[in-house]
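A closer look at the structure
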Amino acid sequence: MKNVKSLLTGITLMAVMIGCKDTYKNSEPTETKVVATKTASMEKPVVSILTAEEQAGMSPDEIVGRLKKGNENFMNNNLTRRDHSEQRRKAMIGQFPKAIVLSCVDSRVPVEDVFDLGIGDIFVARVAGNIENEDIVGSMEFATAVAGSKVVIVMGHTECGAVKSTIDNVDARALNMNSLANLIDEIRPAVTETKTDGEVSSKNTVFTNAVITNNAIRTVKNIREASPTMAEMEDKGEIKIVSAVYDMESGKVSFNHD
């Protein structure tokens, strides 16, 4: 009899334990489902685009700060998920970009991705060696004085072929490429103004990177001189014109103090 009671007690205890386990198992999916729902919500792609109110509410310094944060996302392979189809439809209403970036044409410099941006966030102008000309300055005036952008960025990059060609005195005219020769002539002052104790050659990485930086800084100065309108806006604190260099290896954008 004693053995029977022990057996029944054991069975009862096992039933209680199984019941507790089943209760725990039944409650676990609910908790997991909540967490999964939160995670899924966090991972939903961005469908909104920059509005006029948002553009107007940001200062030039705040925009630069946001661009730096976006660049950190790019470096960490943590780009924002976006619904480009939905953003494209919403962008039909109008555009209110916060900045315009003048970049080199180099295919290895994906400007929007570099700053973790989507449709309608920035204007992008591209030319080999990221130099200014009348059309580009006019485009910048449209971006700032007309469309409300508050930051102008001239962004050079390491391993720039246009700068390297200029340093190595490539004779484009001898190759019957006069337009390219004219472009190289625009970069040349940055080479002559950059001092070095080493070899004046694109193989001299330190010197080449210094020229790339100085070329971007020089372009900023030229833009201010070419556009009294933007120079005045900058003096009033309405916009900021800055230079930067994108490091091809690390993905980091370093802003210069112009």
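The next point concerns the confidence of the model for the chain. Residue-level pLDDT values for the chain average 85, and 81% of them are 70 or greater. Taken as a whole, residues 1–41 scores under 50 in pLDDT and shows zero contacts with residues more than four places along the chain or in a different chain.

Moving on: the sheet that holds strand S4 (residues 240–246). Reading across from one edge, S2-S1-S3-S4-S5 is the order of the five strands in this open sheet, with mixed pairing throughout. Single-partner strands in this sheet number two, and they are strand S2 (122–126) and strand S5 (253–255). Strand-to-strand twist of the sheet, defined as the mean angle between neighbouring strand axes without regard to direction, takes the value 25 degrees. Relative to S4, strand S3 (residues 151–157) runs parallel, the two sharing seven bridges. Across the sheet, the residue bridging to His157 is Tyr246, located in S4.

This next bit is on the pattern of salt bridges. For the structure on display, the rule yields 10 salt bridges. The shortest N-O distance in the salt bridge between Asp116 and Arg82 comes to 3.1 Å. Of this pair, Asp116 sits in the loop between helix H5 (111–114) and S2 while Arg82 sits in the loop between helix H3 (60–75) and helix H4 (84–91), and the two are 34 residues apart along the sequence. Looking at Arg82, the relative accessible area reads 18%, which means it is buried. Put simply, Asp106 and Arg108 hold a salt bridge, and the shortest N to O gap is 2.7 Å. Residues joined by salt bridges that share partners form a network here, namely Arg173, Asp185 and Arg188.

So, about the environment of Cys160. Secondary-structure assignment places Cys160 in the loop between S3 and helix H7 (161–167). In this structure Cys160 comes out as buried when scored by relative accessible area, which is 1%. The residues contacting Cys160, other than those within four sequence positions of it, are Cys104, Gly129 and Ile212.

Along the chain, Val170 turns up in the loop between H7 and helix H8 (178–192). Judged by relative accessible area, Val170 falls into the partly exposed class, the value being 37%. In sequence terms Val170 and Ala181 are 11 residues apart; their C-alpha atoms lie 8.5 Å from each other. Among residues more than four places away in sequence, those in contact with Val170 are Ser165 and Ile184.

Right, let's get into empty space enclosed by the protein. Scanning all chains against the criterion turns up one cavity of 30 Å³ or more. Taken together, Ile131, Glu132, Glu186, Asn215, Arg218, Thr219 and Asn222 form the lining of the largest cavity. Residues that form the lining of the largest cavity fall into these classes: one nonpolar, three polar and three charged.

Scoring rules and cut-offs
- Residues numbered from 1 in each chain as written.
- Predicted model: local features only at pLDDT ≥ 70, side-chain atom pairs only at ≥ 80, totals over all residues.
- Heavy atoms only, no water.
- pLDDT = per-residue confidence, 0-100.
- Contact = heavy atoms within 4.5 Å.
- Pairing = 2+ DSSP bridges.
- Helix = DSSP H or I, 4+ residues; strand = E, 2+ residues; numbered from the N terminus.
- Axes fitted to C-alpha atoms, helices over the stretch in contact; angles between N-to-C directions.
- Salt bridge = Lys/Arg side-chain N within 4 Å of Asp/Glu carboxyl O.
- Buried < 20%, exposed > 50% of the residue type's maximum accessible area, 1.4 Å probe, protein only.
- 1 Å grid on protein atoms, 1.4 Å probe; cavity = no way out; pocket = protein on both sides within 12 Å on 5 of 7 lines; lining within 4 Å.
- Points joined across faces, edges and corners; volume = space filled by probe spheres on them.
- Nonpolar A, V, L, I, M, F, W, Y, C, P; charged D, E, K, R; others polar.

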